[in-house]
Amino acid sequence: MELIQQLVFAAALIIAAVVIARRVNYISGAINLGRPEDRSDNPGERFNLMLLIAFGQKKMFTNLTVALMHLVIYVGFVIINLEILEIIIDGLLGTHRVFAPYIAPIYPFLIGVFEVLAFGVLAVCVVFLSRRYLTKVSRLQPERHEEMRPQWPRLDATLILIFEIVLMIAFLTWNASDSVLRDRGVGHYGELKGVVPDFLISQYLKPLFTGLSDGGLVAYERFSWWFHILGILFFAAYVTYSKHLHIGLAFPNVYFSDLQPKGEMKNMPTITKEVQLALGIEPTVAIDAVGNAEQANENGEQPSDIGKFGAKDVPDLSWVDIMGAFSCTQCGRCTAACPANITGKKLSPRKIMMDTRWRAEEIMNGKQKNGADYTDDKSLLGDYTTVEEINACTTCQACVNACPVNINPLNIILQMRRFKVMEDAQAPASWNAMFSNVENNQAPWKFSPSDRFNWAEQVNEPLKK
């Protein structure tokens, strides 16, 4: 029987590993749909930024209470799962608490820390559920935000929170039932009597199990042990499908985020090249199909086809933009900070990121089913995101500053807007008038540059009198 359990455990481990590996390959393929972009500069600065924002969660601390709760649930769940190493060894070898005899002096302390964190995770998950369904935080409510109306985003968050609560309960009650069996000296549990004492939190749950028979207690201990480890394996696989993929992707997303000052818009290399040609300056860069700078080849030849401006679909975006979409936890802080959204416009930066991920997944699913050359008649701009949304953006950077993991919805908005203006020539009339005035008058207003300071004379007129 013990051998069968070991084989079942090994099979579960392999299945989970295969599912996760396939999903990692899928997500990697989706991210690589994007255009290449070099983000290998300043590795030291990038690493420090990752430690500060992704691990230290600096940007969460604009709201201290929520930040501390998020820190508990994030750090707690990660640290608790360090015990998985012991569980995996026990499952494969058929042992029980294999590390306990070797690190007996500190073993109770470690498990005690795990239990305190587990209780913290449980409590915070209950609070987070209450914020969604009782206090109803505005940015999480479907009646306020279109992108939250599909069942999946709301259900996904709820399932994760409930699942974490159940996993923490299984962990604590497993330790409690194990302690009772150890006290009774039942089987191999009794071998650790006097070696492993009661644990910090689970000792208060022991009265729940003292009335059970030895057989019933062993059955529950085995059930909770199996439920805990299989639940963690399932959770690890499920996260790769969930919005909680940011648990892993937050780190590379922050590392590869833009180091340029916020508010600085990147010039389009295609336009730069045209200006250089117009001024009689030899172009210093070549241009790829969507305006990314490329070095000239060894013969000094420059590509003649500059392709299209901006981005209409996911493959026109940078791989950094697509990774940001998969890193998005849909918390809505970007949308809550967006002045356009606050004033009732349709723009929601969170929806931009969700649209990008859904479109990337649609393309990947089509390629997996129909081959690498698969294309469809859909696009990100038009079928997912509307022109009304992207034109409402004021480029104020509020969404970029609000994101806890340095996602940049603004860059995607700008790329789609550039496509609409420069490829489809569908800028609003007021924009065209402004562009014309800037070109001819060096100002957005329709008056001669020589008359620019006439208003000052009118202001100074009363002073002359």
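Look a little higher up for the structure.
Residues numbered from 1 in each chain as written. Predicted model: local features only at pLDDT ≥ 70, side-chain atom pairs only at ≥ 80, totals over all residues. Heavy atoms only, no water.

Undergrad: Which residues make up unusual backbone geometry, and what are the values?
TA: Of note, Asn42 is a non-glycine position whose phi angle comes to about 45°, a positive value. Within the secondary structure, Asn42 sits in the loop between helix H1 (2–31) and helix H2 (43–55). Among the residues examined, Asn42 registers a relative accessible area of 41% and is labelled partly exposed. Phi at Gln397 takes a positive value of approximately 75°, unusual for a residue other than glycine. (Helix = DSSP H or I, 4+ residues; strand = E, 2+ residues; numbered from the N terminus. Buried < 20%, exposed > 50% of the residue type's maximum accessible area, 1.4 Å probe, protein only.)

Undergrad: Can you explain the packing of helix H3 (residues 64–80) against helix H5 (residues 107–133)? Please cite residues and give values.
TA: Two elements in contact, H3 and H5, have axes whose closest approach is 8 Å; the angle formed by their N-to-C orientations is 135°. With respect to H5, the axis of H3 lies oblique. Once H3 is placed against H5, the crossing between them reads as left-handed. In this structure, H3 contributes Val66, Met69, His70, Val72, Ile73, Gly76, Phe77, Ile79 and Ile80 to the contact, and H5 contributes Phe114, Leu117, Ala118, Gly120, Val121, Val124, Cys125, Val127, Phe128 and Arg131. Grouping the constituent residues of the contact of H3 with H5 by class yields 15 nonpolar, three polar and one charged. (Axes fitted to C-alpha atoms, helices over the stretch in contact; angles between N-to-C directions. Parallel < 35°, antiparallel > 145°, perpendicular 65-115°, else oblique. Left-handed = near helix turned anticlockwise from the far one by under 90°. Contact = heavy atoms within 4.5 Å. Nonpolar A, V, L, I, M, F, W, Y, C, P; charged D, E, K, R; others polar.)

Undergrad: Could you give an account of the side chain of Ser179, with specific residues and numbers?
TA: Position of Ser179 relative to the elements: it lies in helix H6 (residues 151–184). Residue Ser179 is classed as buried on the basis of its relative accessible area of 1%. At 3.1 Å, the side chain of Ser179 forms a polar contact with the side chain of Arg182. Those residues within four positions of Ser179 in sequence are excluded, and the remaining contacts are Asp198, Phe199 and Lys206. (Polar contact = N/O pair within 3.5 Å; in protein donor to acceptor, adjacent residues only side chain to side chain.)

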